[in-house]
Amino acid sequence: MAPRTGPAPEAPADASAPAPGVVEAGRRDRAIAAARRVVLVATVALVLGGLTSWGQLLLPAETASLANSAGGWTIPTAILVVVLARGYPEAAVQGAVAFVALTLGYAVVSGWRDLPFDPSTWAVVGLVAGPVVGTAAHALRRRGRRLALGTAVLAGILVGEGVYGLTVVAETTSPVWWSIELAVGALVLAFGALRVRPWGLALVAATGTVLVAAAFWSAFVLLPILVFH
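In this text the structure is predicted, and so the values were computed from the model without any measurement.

## Brief notes about the packing of helix H2 (residues 71-84) against helix H5 (residues 145-167)
It is the contact of H2 with H5, at a shortest axis distance of 10 Å, that shows an interaxial angle of 160°. For the element pair H2 / H5, the angle class is roughly antiparallel. Of the two elements, H2 crosses H5, and the hand of that crossing is left-handed. Note on element contacts: H5 touches H2 through Leu154, Ile157, Leu158 and Glu161, opposite Gly71, Thr74, Ile75 and Ala78.

Written out as structure tokens, the structure reads:
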């Protein structure tokens, strides 16, 4: 019998592969869900920023520094990102949005109190620092090198400002909030160091915390000198 010379039959389509329309719809749904989470972060941060302004008026002297500290905004931003972010890009966006919204909320309420505040400078700072805090916070959900680095960033900020408060501005502020912030920073470090794998990365987290804390303390000491002199 002569062999058949017609075209080869087409291979059957992969029934398990999703249709292009399904893939596109899935991407759209994920983008919408991410946008909703960002809006939620912005809304909560806007309210917290407004409460910060009222806190400067209403908080007792022992904890009044909470409303004048970087840690007072870093902690809620990190919590929001840890709970809501679904990846590092989203965490970076949420961190930036949170810090800008905190600044705007503070500016709005301060204006209501007849204490005008220009948010532009701190909004720019938030656009720079927010993604760093956001990605560091999301890294707390990991276990390897990223967890060690994220722990170092967050713990370093809190420890650095806590030490700054207990040393540089100790004569004009209560030590209560600074001590609380220092303790929270130590807890963040302990959390990361106990969870990180391999164990040797705990040293990276601890060393990084000291370095970030020293950099933060130095920046807070030097900035007023550079600005006013």
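Having seen the structure, we can now continue with the description.
## With respect to unusual backbone geometry
The omega torsion of the bond from Arg197 to Pro198 falls at -5°, within 30 degrees of zero and hence cis. Here Pro198 shows up in the loop between helix H6 (175-195) and helix H7 (201-228). A positive phi angle is found at Asp114, which is not glycine, with a value near 60°. As for its placement among the helices and strands, Asp114 is situated in the loop between helix H3 (88-112) and helix H4 (120-139). Relative accessible area serves as the criterion here: at 64%, Asp114 is assigned to the exposed category.

## Some thoughts on a positive patch on the surface
A cluster of like positive charges, contributed by Arg86, Arg141, Arg142, Arg145 and Arg146, occupies part of the molecular surface. Relative to the helices and strands, Arg86 is located in the loop between H2 and H3.

## Remarks on a nonpolar patch on the surface
On the surface, a nonpolar cluster with roughly 330 Å² of combined accessible area is contributed by Trp54, Leu57 and Leu58. On the secondary structure map, Leu57 appears in helix H1 (residues 20-58).

## Looking at the packing of aromatic side chains
Overall, the coordinates contain four aromatic pairs when judged by the stated rule. Seen from their ring centres, Trp73 and Tyr106 are 6.3 Å apart, and the 75° between their planes marks the pair as edge-to-face. Of this pair, Trp73 sits in helix H2 while Tyr106 is found in helix H3, placing the two residues 33 residues apart along the sequence. No difference in accessibility class separates Trp73 from Tyr106, as the two residues are buried. Ring geometry for Tyr164 against Phe220: centres 5.2 Å apart, planes inclined by 80°, an arrangement best described as edge-to-face.

About the criteria used
- Residues numbered from 1 in each chain as written.
- Predicted model: local features only at pLDDT ≥ 70, side-chain atom pairs only at ≥ 80, totals over all residues.
- Heavy atoms only, no water.
- Axes fitted to C-alpha atoms, helices over the stretch in contact; angles between N-to-C directions.
- Helix = DSSP H or I, 4+ residues; strand = E, 2+ residues; numbered from the N terminus.
- Parallel < 35°, antiparallel > 145°, perpendicular 65-115°, else oblique.
- Left-handed = near helix turned anticlockwise from the far one by under 90°.
- Contact = heavy atoms within 4.5 Å.
- Buried < 20%, exposed > 50% of the residue type's maximum accessible area, 1.4 Å probe, protein only.
- Patch = residues over 30% accessible without salt bridge, like charges linked within 9 Å, V, L, I, M, F, W, Y side chains within 5 Å.
- Areas by Shrake-Rupley, 256 points an atom, 1.4 Å probe, with all protein chains shown as cover.
- Salt bridge = Lys/Arg side-chain N within 4 Å of Asp/Glu carboxyl O.
- Lys, Arg positive; Asp, Glu negative; His and termini not counted.
- Charge placed at Lys NZ, Arg CZ, Asp CG, Glu CD.
- Phe/Tyr/Trp six-rings, centres within 6.5 Å; stacked < 30°, edge-to-face > 60°.

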